[in-house]
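# Descriptive structure summary
Here's the letter readout for the chains.
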Amino acid sequence: MPRLIDPRGHRFGAALSALILALGFLANAPIVIPAVGLALGVSAYFGTRYSVLGRPWPYVRRALRLGPPAELESEVPPRFAQALGAVGLALATVALAAGVAGAEPIAIATGWLLAAAVGGLQLVLAVTGYCLGCQLYRLRWYAPRLFDRIVGTSALDAAA
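Residues numbered from 1 in each chain as written. Predicted model: local features only at pLDDT ≥ 70, side-chain atom pairs only at ≥ 80, totals over all residues. Heavy atoms only, no water.

A positive phi angle is found at asparagine 28, which is not glycine, with a value near 50 degrees. Note that asparagine 28 resides in the loop between α1 (7–26) and α2 (32–46). (Helix = DSSP H or I, 4+ residues; strand = E, 2+ residues; numbered from the N terminus.)

Take a look at the structure:
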């Protein structure tokens with residue numbers, strides 16, 4: 001049985017990562033891209049309890065005196081979504097590194113655009129609760145099955 005999580009914590013972590021990526025863009029600090037990518041990757045591989053981005057949520061919940069969530073959700077689809085985000089940010093990091101090494105403005109722009117796409121999807125999740133990566137996980141195609149084998153989760157358990 002997969003671990004059940006508070007979906008509000010997942011949304012909070014998404015908001016935090018979108019904010020960090022946006023601030024990194026505004027400050028022209030591309031180091032935030034691999035940093036957020038690493039945070040997403042660690043959470044995707046080891047589980048959401050290891051999410052640096054979601055770690056403040058219990059404190060925020062207590063400070064705002066919010067009750068328990070109306071419904072818990074399986075952590076497996078959000079972990080898959082985080083893995084997709086980590087891959088997107090890894091590609092952004094590679095593009096930025098290639099651009100800096102060769103001083104190619106197109107590669108640098110591509111890196112920031114990839115990071116903006118991940119940040120945009122994180123922002124959609126934070127504001128609306130809609131998780132595109134979670135929905136892709138539920139489609140039962142080869143990538144979710146591969147993810148399940150790598151991290152030791154089960155798509156069948158997630159559907160329960």
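From this point, the narrative continues.
This structure, assessed with the given rule, holds 1 disulfide. The disulfide bridge from cysteine 131 ends at cysteine 134, spanning 2.4 Å between sulfur atoms. Around the S-S axis, the bridge from cysteine 131 to cysteine 134 shows a dihedral of about 70 degrees and counts as right-handed. What makes cysteine 131 buried here is its relative accessible area of 9%. (Disulfide = S-S within 2.5 Å. Buried < 20%, exposed > 50% of the residue type's maximum accessible area, 1.4 Å probe, protein only.)

Think of an α-helix as 3.6 residues a turn; residues three or four steps apart then line up on the same face. When the terminal C-alpha atoms of α1 are compared, their 29 Å separation across 20 residues agrees well with the 28 Å that a helix rising 1.5 Å per residue should span. Of all the positions in α1, only Gly9, His10, Gly13, Ala14, Ser17, Ala18, Leu21 and Gly24 are classed as buried. Capping of α1 at its N-terminal end is provided by aspartate 6; its side-chain oxygen lies 2.9 Å from the backbone amide nitrogen of arginine 8. Just downstream of α1 lies asparagine 28, where phi reads positive at about 50 degrees. (Expected span 1.5 Å × (residues − 1). Polar contact = N/O pair within 3.5 Å; in protein donor to acceptor, adjacent residues only side chain to side chain.)

Geometry of an aromatic ring pair is reported as the spacing of the ring centres plus the angle between the planes. According to the stated counting rule, one finds 7 aromatic pairs in the structure shown. Aromatic side chains phenylalanine 25 and tryptophan 112 sit 5.3 Å apart centroid to centroid with 75 degrees between the ring planes, which places their arrangement in the edge-to-face category. Of this pair, phenylalanine 25 sits in helix α1 while tryptophan 112 sits in helix α5 (residues 105–128); the two residues are 87 residues apart in sequence, bridging distant segments of the chain. Assessed through its relative accessible area of 52%, phenylalanine 25 is described here as exposed. Residue classification places tryptophan 112 among the buried positions, given a relative accessible area of 10%. Ring centres 6.2 Å apart and planes at 70 degrees place the aromatic pair phenylalanine 46 and tyrosine 50 in the edge-to-face group. Judged by relative accessible area, tyrosine 50 falls into the partly exposed class, the value being 45%. Members of the aromatic cluster, connected to one another through ring pairs, are Phe80, Tyr137, Trp141 and Phe147. (Phe/Tyr/Trp six-rings, centres within 6.5 Å; stacked < 30°, edge-to-face > 60°.)

Just geometry here; none of it tells us what the structure is for.
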